[in-house]
Each structure stands twice: as C-alpha cells, then as structure tokens.
Amino acid sequence: MLQINPKDIPISKLHQYLLGAVGPRPIALASTIDKDGNSNLSPFSFFNVFSANPPIAIFSPARRVRNNTTKHTLDNILENNEVVINVVSYDIVQQTSLSSTEYDCGVDEFIKSGLTPINSNLIKPYRVKESPVQMECTVNDVISLGEQGGAGNLVICEIKMLHINENILNDAGAIDPNKIDLVGRMGGNWYCRSSKDALFEVEKPLRNLGIGVDNIPSEIRNSHILSGNDLGMLGNVESIPSLDEVEKYMKEKFSTEQIQDFSIRNKEALQELHSYAKELLSKNLIIEAWKILLIDKLNRK
Ligand SMILES: Cc1cc2nc3c(=O)[nH]c(=O)nc-3n(C[C@H](O)[C@H](O)[C@H](O)COP(=O)(O)O)c2cc1C
C-alpha cells in the first residue's frame, strides 16, 4: 500500500487522490444570487444531506488552489444566506458541467448552460426547472476550514421547501432510482450513472440480528469459492438451518445416488456445493444456499 502523509505532496495531487478515492459523490447544482440580483449556478460534489430533523444539506465551495480566491457561490451566500440545491440527473449532466466554467463574476450560468430558471416559493435564487428535485434552503452557518488554497467552506443549508417532479415517483410514492437517474462524480473527468445495471439491492441488516461472519462454520468461512460478499449475506441470517431441515431439503432436491455420491467424492463434491451455493446467493436465495452448504455437515454427522 502507498502511504501518504498529506503534508508531503502538493495540494493538487492530494486533491486528485481524495476525489478518486471518495466517490461516487452526489452533486449539488447550487443556484445563488448576489446583492444586485445577478444569478449564479455552479455544481459542487463535496455535498450530502446530514440530517432529516432539521433537514440539513451541506456542500463545500473551496478556495481556489490556483490563486486562493473564493467562489462566487460562496460570496453570494455570505451576502444573502440563500441557495437552491438542485440534484443532477443524467439528462442535465453536460449542462451542469458547463455551468462549472469559471465565468467572470456577474455572468449568469443559467444563460451559459441553457438550463431554465424558475421562481422559488420562499427565497430569491431560482430553481433549475430541468432538475427532478429542487431544495429551497436558507443557510444556517458557513464554516471555513482554512485560509489557504484548497480549503473548503462548509455551507450548512436548512431545507425549507422541497420540489419533487412526480415523474420520478413509483406507485408507492417513493423516489424510484431508475426514474430519477442521478449521476455521481468520480475522480478526473469521470462520472457514473446510478440506474439500470448499476443498481442492486442489499437487504437491510437492521431488522434482524445477523449471526455474523464469525459464526459461520470455518469450513464454509474459509471457502476458496465464496467471496466476502457471499459471507456477508450468509452472516445476515438470524439462525442457521437445522440439520433436520437440511436433510429434508436434501431428500426433496437430490436422488439417493446423488446423496451417496456427495459423501464418496467428499472434497470435489464440496467445491460443487460451494459453487452452487454461490449461484443461489447471487439470486438472493440465502436460506437455500445455507442448506446446500450444510449438506457436507450432514454427511459427516
Ligand atoms: C460536477 C462538479 C463538481 C464540483 N464540485 C466542486 C466542489 O465540491 N467544490 C468546489 O469548490 N468546486 C467544485 N467544482 C468546481 C466548481 O463548480 C467551479 O469552480 C465553479 O466555477 C464555481 O463557480 P462559482 O465561482 O460561480 O461559484 C465542481 C465542478 C463540477 C463540474
């Protein structure tokens, strides 16, 4: 492993490592307004939500590494404490990128990017019409993280009004990840699109108390076929199926010859069982995978 003391490398290099390592990052397309009413629109991927009660989002316009100046978004916020955070879906990613161009102060990136400004209900900055979720925020605090180029400024935003396009909702009224089609920022020029093949589900472990990987019998835990993800799924069950259950399952599933074969060709058969269990896990059939893995234990009973 490379070991890097941040103090030993240039800030630009460190910045590259941090952006490459921490991702994908959500993107806040921040709309602000200066004291003369000039609009500004810029993306920030040092961004997330941190609280639902109160509803708080934080993003960080950093001091420019190049010349240690501050970003217009930050200047505007320090003038009037208001911002609209617009989320970024795939169909506005190019215009969002364009809005990050370092235009001069007072240049309206709504015009430059071609995105459409629409009035907010409670605050002066405009919303981005094309964004599927727009959050009208007042700024509770700005915390400066330093005085040198590259230093972030945490803009702590309280969400006062949420606008959600109905087209991104599923039948239950929740946001459907395939419909919202968000993009995330990676390192360099890379982005990722969080829909279709990129999506997968992981069952929440909170509902039950999983046995944990430590309680998986060692011959399964040390399998050369099962991966860390496979073990994580196996460790998320509340209890391991009993050998009686395994026996019942085995009789239903396999012929007497197959069962005998398992016990004769022990090592080879074990690998086959592990491969089959892995396949079942990839289909989220966790209890069935457990039963397959325990056949070997049954044979040695
Ligand atoms: C997707 C994306 C994410 C960005 N994230 C950040 C960020 O988190 N912090 C930052 O200081 N600049 C970030 N930038 C660069 C700013 O958008 C850029 O400096 C912009 O010109 C600032 O505009 P302003 O001076 O009008 O506020 C990002 C750019 C892009 C394209």
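Residues numbered from 1 in each chain as written. Predicted model: local features only at pLDDT ≥ 70, side-chain atom pairs only at ≥ 80, totals over all residues.

**Q** Honestly, the overall build of the protein in this entry has me stumped. Any pointers?
**A** Looking only at helices and strands, one finds eleven helices and eleven strands in the protein. Taking 301 residues into account, the globule formula puts the C-alpha radius of gyration at 19 Å, and the protein, at 27 Å, lies well above it. The principal-axis extent of the C-alpha atoms belonging to the protein is close to 85 × 50 × 30 Å. Looking at the protein as a whole, 28% of its 301 residues qualify as buried. Sequence-distant contacts, at least 24 apart, represent 62% of the contacts inside the protein between residues at least 6 apart. (Helix = DSSP H or I, 4+ residues; strand = E, 2+ residues; numbered from the N terminus. Rg over C-alpha atoms; globule rule 2.2 N^0.38 Å. Buried ≥ 20, exposed ≤ 12 C-beta atoms within 10 Å, placed from the backbone. Contact = placed C-beta atoms within 7 Å.)

**Q** Honestly, the domain arrangement of the protein in this entry has me stumped. Any pointers?
**A** Interfaces are often described in size by the accessible area the parts lose on coming together. For the protein, the domain assignment lists domain 1 (6-198) and domain 2 (213-299). If you average the C-alpha positions of domain 1 and of domain 2, the two centres end up 48 Å apart. (Domains from an automatic or database assignment.)

**Q** Got a minute to help me understand the pairing of strand 1 (residues 28-33) in this structure?
**A** A regular strand carries its side chains on alternate faces of the sheet. The element strand 1 is extensively covered by neighbouring structure, given that six of its six residues are classed as buried. Strand direction decides the pairing type here: strand 1 and strand 2 (residues 39-44), joined by six bridges, are antiparallel. Note on strand 2: the bridge partner recorded for Ala28 is Phe44. Between the end of strand 1 and the start of strand 2, which pair antiparallel, lie five residues, with Gly37 showing a positive phi angle near 90 degrees. The sheet contact formed by strand 1 and strand 5 (residues 82-87) spans four bridges and is antiparallel. Looking across to strand 5, one finds that Ala30 is bridged to Ile85. (Pairing = 2+ DSSP bridges.)

**Q** How should unusual backbone geometry be read in this particular structure?
**A** Leaving glycine out, the prevailing phi sign among residues is negative, and the prevailing peptide bond configuration is trans. Cis peptide bonds are those with omega within 30 degrees of zero, and the linkage from Gly23 to Pro24 qualifies with -5 degrees. Mapped onto the elements of the fold, Pro24 is located in the loop between helix 1 (11-21) and strand 1. Cis geometry is adopted by the peptide bond preceding Pro54, which originates at Asn53 and carries an omega value of 5 degrees. With respect to the helices and strands, Pro54 occurs in the loop between strand 3 (47-52) and strand 4 (55-59). The phi dihedral of Asp181 is positive, around 50 degrees, even though this residue is not glycine. Positionally, Asp181 belongs in the loop between helix 5 (177-180) and strand 10 (183-185). Residue class for Asp181 comes out partly exposed when judged on the 18 C-beta atoms lying within 10 Å of it. Non-glycine residue Lys196 carries a positive phi angle of around 50 degrees. Its location among the elements puts Lys196 in the loop between strand 11 (191-193) and helix 6 (218-221).

**Q** Please explain the site of the ligand as it appears in this structure.
**A** Around the ligand, 17 residues are found, and the nearest of them are Ser42, Phe46, Lys71, Thr73 and Ser100. Counting only elements with at least two residues in the shell around the ligand, the list comes to strand 2 and helix 2 (72-80). A per-element tally of the shell around the ligand places strand 2 first, with four residues. (Near = placed C-beta within 6 Å.)

**Q** In this structure, what is going on with the sheet that holds strand 4? I would like to understand it.
**A** Strand order in the open sheet made by the seven strands is 2-1-5-8-9-4-3, with antiparallel pairing throughout. Two strands bound the open sheet, and with one partner strand each, they are strand 2 and strand 3. Strand after strand, the sheet turns through a mean of 30 degrees between neighbouring axes, direction not considered. Against the sheet, helix 2 makes contact with strand 1, strand 2, strand 5, strand 8 (133-144) and strand 9 (153-164), and its axis sits at roughly 50 degrees relative to strand 1, the strand it touches most. (Axes fitted to C-alpha atoms, helices over the stretch in contact; angles between N-to-C directions.)

**Q** Please clarify how the nonpolar core should be interpreted in this entry.
**A** A general trend in soluble globular proteins is that nonpolar side chains are found buried together. Counting residues in each nonpolar core, the largest one holds 28 residues, and the members touching the most others are Ala28, Phe59 and Ile85. Contributions of two or more residues to this core are made by strand 1, strand 2, strand 4, helix 2, strand 5, strand 8 and strand 9. Residues within four places of Ile85 in sequence aside, it is in contact with Ala28, Ala30, Ala57, Met135, Cys137 and Cys157. Formed by 17 residues, the second largest nonpolar core is a distinct cluster that contains Ile216, Met233, Ala277 and Ala289. (Core = buried A, V, L, I, M, F, W, Y, C linked by C-beta atoms within 7 Å.)

**Q** How should I be thinking about the environment of Pro177 in this particular structure?
**A** Residue placement: Pro177 occurs in helix 5. Sequence separation between Pro177 and Gly212 is 35 residues; the distance between their C-alpha atoms is 29 Å. Non-local contacts of Pro177, meaning those with residues more than four positions away in its chain, are made with Ser194, Ser195 and Leu199.

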